[in-house]
Amino acid sequence: MTNKQLTIYHNLFIKKSKMKHLFTFLILFTFCFLGAQNFTKLKTFDKIDLGTSGYQVVAAFDSKIVFKLGNTNDPHLLYISDGTVSGTKEIDALTSSDYFDRFVNDDPTYLYFVKEISGSNDELIRMNKATSVLETLGNDFAYKYLRLWNNKLYYMSGSDLMQIDPVTKTVKTVKSSLTQGDPLIFTVFNNKLTIIHRNTTNKVVMTTSDGTLAGTIEVKDFGIDVAANFKAEGPWIHDDKLFFVIRARYNGVFDKSMWASDGTDAGTKKIKAIDLQNSGAFYDITGIDGGSYFYFRASDPSSTVMQLFRTDGTEAGTIKLGADKLKAAESFVNYKGKTYFAATDLSNVGNIFSVENDEVTSLYNNNATGVTLGGPFVFNDSLFFIGNNSALGSEFWKSDGSANGLSAVVQGNLASGASIFTATASGKYIYYTKRINGEEKELWIYDPKKYVAAVKPAIQVLTVFPNPTNNYIQLPENMVEGECEIFDIAGRKIIKMRFLSNKIDVSTLLNGIYNIKINTNNKSYISKFIKL
């Protein structure tokens, strides 16, 4: 072996050592679940785009889901499913694309939603969660930013702050002409309605309300230039603080920053630790470390990619995490005292990461699980997510949160060309949508209690040699004919070919780490090798 080859091998070995937390093929495919009895197709939908805004779960309760179907320019149909074929049915037809918050699921008995009537007032409707019976509570010019608080429903109708009693159906104007245009933040915080909006004098302010005219008070003037194209994002509530983003001009200078508020003028402050003037959107991330921090992602002007940050609401307590590992982060959940999320690393490889005490750790590599699409989310005391594996296709995976605790739970269930798009856990089921060959759109459930098949080997682990190699890898003597597929570290298929001897030529491959899948003698095998 030449000095150049030794140097390449050394660098690859160091790189491999740094990836010790990544879950490899050699462990990943040793065992997987094969019980297709877990999965039931509930309904096939025609002419519905499940991959975009056409499918949206608006509420999950009592092992049921309520979801919208349709495209942006078509009527939206409201459906409910109880996890059975007969119980998956249309509730109502909506004509709105639901740009505003028009579904409220905070009541244990009722789901509230708004139905837009073309050429007429909107209708406020409630659905009994047990019987799916609908009841109209009222109609108004508009029901925007619907919120349930202290057993009353609050909403904006034009510029007016309104209240309706769901029991008596009594409507009350809390404050007329509260806003100019639509408010950008409308939430409940510290037992008050909290609204960020433009007032009648064109100032951007924060208003809090206790539901009475006298108790509806402007508490903060943000001092934003009135001519600015003011926008806000959020809010996110964590550790008795309200976090939100304001993008506007101050004294002619563009600014986009994260703010933290306790609901008072003095306690509402901009976090200046990060210069995010040219950043993209901010995203909600669940806090961890005993509730000490709020986690969010944003694009830093020093980089063109999304980065992970954490803050305690102060400048000193806001720092960037995983800067040497991450390019994007999403779908954050708390599980067993840690936060887990899906992300891509600096090589555009999808992964599952955990963060604890400001330390970001990678768990599963993309060439093992693929780019995660739905999740992670917690179900049945396990961590679930959707992965797209180069060998197995689109699959559900479940994990105990450790680097070695991963298994596939849909192996063998999906037809060729099928892809899982979305997944929602509700009670005892996971509801998910899938598309087959880009055409059929189907709603399915996963019910772990229906699992009856034994756990058994699905793809066996194989040792190849020499490893590392320059020219070829050798298989066992009984593997003299079959098919092989070779994938790079990003999960891309590089080679697919037939072999007629137990030696496979890899001389044309670039130097790097590869995974190989062997199909021979009616069995499948996987292995990993290094090409020098």
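As the structure is a prediction and not an experimental result, all values here were calculated from the model. (Residues numbered from 1 in each chain as written. Predicted model: local features only at pLDDT ≥ 70, side-chain atom pairs only at ≥ 80, totals over all residues. Heavy atoms only, no water.)

Colleague: Break down the sheet that holds strand β13 (residues 171-175) for me, with residues and values.
Modeller: Within a sheet, each strand pairs with its neighbour through backbone hydrogen bonds, oriented either parallel or antiparallel. Ordered by their spatial adjacency, four strands build an open sheet running β10-β11-β12-β13, and the pairing between neighbours is antiparallel. Only two strands of the sheet have a single partner each, and these edge strands are β10 (144-149) and β13. Put simply, the sheet's adjacent strands are angled 25° from each other on average, direction ignored. As paired elements, strand β11 (residues 152-157) and strand β12 (residues 160-164) share five bridges and run antiparallel to each other. Bridging from a neighbouring strand, Ser-157 pairs with Asp-160 of β12. (Pairing = 2+ DSSP bridges. Helix = DSSP H or I, 4+ residues; strand = E, 2+ residues; numbered from the N terminus. Axes fitted to C-alpha atoms, helices over the stretch in contact; angles between N-to-C directions.)

Colleague: Talk me through the nonpolar core; I want residue IDs and the actual numbers.
Modeller: Judged by nonpolar contacts, the single largest core of 17 residues is most densely connected at Leu-475, Ile-486, Ile-504, Ile-516, Ile-518 and Phe-529. For this core, the elements supplying multiple residues, two or more each, are β39 (482-487), β40 (493-499), β42 (512-520) and β43 (523-531). Residue contributions to this core peak at three residues, all from β42. Apart from residues no more than four positions distant in its own chain, Ile-518 is found in contact with Leu-462, Leu-475, Met-479, Glu-483, Cys-484, Phe-499, Ile-504, Lys-523, Ser-524 and Tyr-525. (Core = buried A, V, L, I, M, F, W, Y, C linked by side-chain atoms within 4.5 Å. Buried < 20%, exposed > 50% of the residue type's maximum accessible area, 1.4 Å probe, protein only. Contact = heavy atoms within 4.5 Å.)

Colleague: How would you sum up the side chain of Arg-102? Please name residues and give values.
Modeller: Along the chain, the position of Arg-102 falls in the loop between β5 (89-94) and β6 (103-104). A distance of 3.2 Å separates a polar atom in the side chain of Arg-102 from a polar atom in the side chain of Asp-122. (Polar contact = N/O pair within 3.5 Å; in protein donor to acceptor, adjacent residues only side chain to side chain.)

Colleague: Can you lay out the pattern of salt bridges for me, pointing to particular residues and giving the numbers?
Modeller: As enumerated under the stated definition, the model contains 10 salt bridges in all. Linking Asp-122 and Arg-102 is a salt bridge whose minimum nitrogen-to-oxygen distance equals 3.2 Å. Of this pair, Asp-122 sits in strand β8 (residues 122-128) while Arg-102 is found in the loop between β5 and β6, placing the two residues 20 residues apart along the sequence. Under the relative-accessibility criterion, Asp-122 is labelled buried at 5%. (Salt bridge = Lys/Arg side-chain N within 4 Å of Asp/Glu carboxyl O.)

Colleague: Can you tell me about the environment of Phe-103, naming the residues and giving the values?
Modeller: Its location among the elements puts Phe-103 in strand β6. Exposure remark for Phe-103: the relative accessible area of 16% places this residue in the buried category.

Colleague: Give me the lowdown on the pairing of β42, citing residues and values where you can.
Modeller: Among the nine residues of β42, eight are classified as buried, and the element is accordingly described as predominantly covered. With five bridges joining them, β39 and β42 adopt antiparallel strand pairing. Its bridge partner being in β42, Phe-487 is matched across the sheet by Asn-515. Here β42 runs beside β43; their pairing, made up of nine bridges, is antiparallel. In the sheet register, Gly-512 faces β43, and the bridge partner there is Lys-531. The antiparallel hairpin formed by β42 and β43 contains two residues in its connecting segment, where Asn-521 sits at a positive phi of about 55°.

Colleague: Kindly report on unusual backbone geometry, identifying the contributing residues and their values.
Modeller: Following Phe-465, the chain continues into Pro-466 via a peptide bond in cis, with omega recorded as -10°. One can find Pro-466 in the loop between β37 (460-461) and β38 (472-474). With an omega dihedral of 10°, the bond running from Asn-467 to Pro-468 counts as a cis peptide bond. By the element assignment, Pro-468 lies in the loop between β37 and β38. In this structure, Ser-132 is a non-glycine residue whose phi angle is positive, near 65°. Position of Ser-132 among the secondary structure elements: in the loop between β8 and β9 (134-140). Classification of Ser-132 as buried rests on a relative accessible area of 19%. If you check the backbone angles, Asp-381 has positive phi at about 60° while not being a glycine. Tracing the backbone shows Asp-381 in the loop between β30 (377-379) and β31 (382-389).

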